[in-house]
Amino acid sequence: MASLERHPVPDTVDPEAWRLDVTGAVERPRRFARSDLLAMATGAVTDDFDCVEGWTASDLRWEGVSLDAVLDAARPRDGAAWGLVHAMDGDYACALVLDRLRTALLALRLDGAPLPVEHGGPARLVLPGDSDCWESVKWVTRLEVLDREPRHADTAQALALSRVDG
Ligand SMILES: Nc1nc2c(c(=O)[nH]1)N[C@H]1C(S)=C(S)[C@@H](COP(=O)(O)O)O[C@H]1N2
Ligand SMILES: [Mo]
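Keep in mind the model is a prediction, meaning the values are calculated, not measured. (Residues numbered from 1 in each chain as written. Chains lettered and ligands numbered in written order. Predicted model: local features only at pLDDT ≥ 70, side-chain atom pairs only at ≥ 80, totals over all residues. Heavy atoms only, no water.)

This brings us to the side chain of R124. With respect to the helices, strands and loops of the structure, R124 is situated in strand β9 (residues 124–126). One buried charge, R124, has no salt-bridge partner; the nearest side chain with opposite charge is E118, at 10 Å. Dropping the residues within four chain positions of it, R124 is found in contact with F49, W62, L105, L106, A107, L115, H119, S136, V137, K138 and V140. (Helix = DSSP H or I, 4+ residues; strand = E, 2+ residues; numbered from the N terminus. Buried < 20%, exposed > 50% of the residue type's maximum accessible area, 1.4 Å probe, protein only. Lys, Arg positive; Asp, Glu negative; His and termini not counted. Salt bridge = Lys/Arg side-chain N within 4 Å of Asp/Glu carboxyl O. Contact = heavy atoms within 4.5 Å.)

Here's what the structure looks like:
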């Protein structure tokens, strides 16, 4: 964990007040507290994390709740095939096909401890296998289910890369 780079934490992040909202094309919009999620089916994954900037953090152990369970609880409508994962740092949002999002973990813990806010706590998206570093959304706060690809709202790559030199 110490080898993950530290990016500045946005001051909008308040772990105490944190909730996860599931909105959009769902039968049952949901709002979860951290404790609600911890009580759901848990998942874990150990993986390296590679950033396009050229650094790697090895052997990170993420624990949390599977997005599959979170989505099932909200019951996406027929034909809803996309998810837009919103973060707490302004307009940062990443679009993912719902089937891929279902394979992801919403990480609440890292290496045996609550996920530090420096690394996206209270909750961060962790995708299995090949993925782009900007898809690992830190400070996840809302999961918007959509029936079409949200092209212009997907700001993750552009914002992440604009912060590289900052
Ligand atoms: N909300 C949010 N998530 C984000 C980013 C960001 O700027 N905001 N940067 C992404 C990029 S490019 C990388 S490499 C990792 C960095 O994670 P770290 O700060 O834990 O090292 O977070 C990703 N997730
Ligand atoms: Mo990155």
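Continuing now.
Moving on, we come to the pattern of salt bridges. Between side chains of opposite charge, a pair can form as their charged atoms come close. Inspection of every chain in the model, using the stated rule, returns 9 salt bridges. Here R109 and E63 are joined by a salt bridge, their closest N and O atoms 3.9 Å apart. Remark: E63 occurs in strand β4 (residues 56–66) and R109 occurs in strand β7 (residues 105–110); sequence separation between them is 46 residues. D89 is paired through a salt bridge with R163; the nearest N and O atoms lie 2.7 Å apart. Highlighted residues: D89 in the loop between β5 (82–87) and β6 (93–97) and R163 in the segment after α4 (156–162), separated in sequence by 74 residues. Taken together, the shared-partner salt bridges in this structure form one network comprising D68, D72 and R102.

Here strand β3 (residues 42–50) runs beside β4; their pairing, made up of 8 bridges, is antiparallel. Paired with D47 across the bridge in β4 is L60. (Pairing = 2+ DSSP bridges.)

Within a sheet, neighbouring strands are paired by backbone hydrogen bonds and run either parallel or antiparallel to one another. With mixed pairing, 5 strands are arranged side by side in an open sheet as β2-β1-β10-β5-β6. Taken across any chain shown, the strands that pair with only one partner, and hence form the sheet edges, are β2 (30–32) and β6. Between one strand axis and the next, the sheet turns through 20° on average, direction left out of account. Bridge count between β5 and strand β10 (residues 140–146): 6 bridges; the pairing is antiparallel. Bridge assignment links L84 to a residue of β10, and that residue is E144. (Axes fitted to C-alpha atoms, helices over the stretch in contact; angles between N-to-C directions.)

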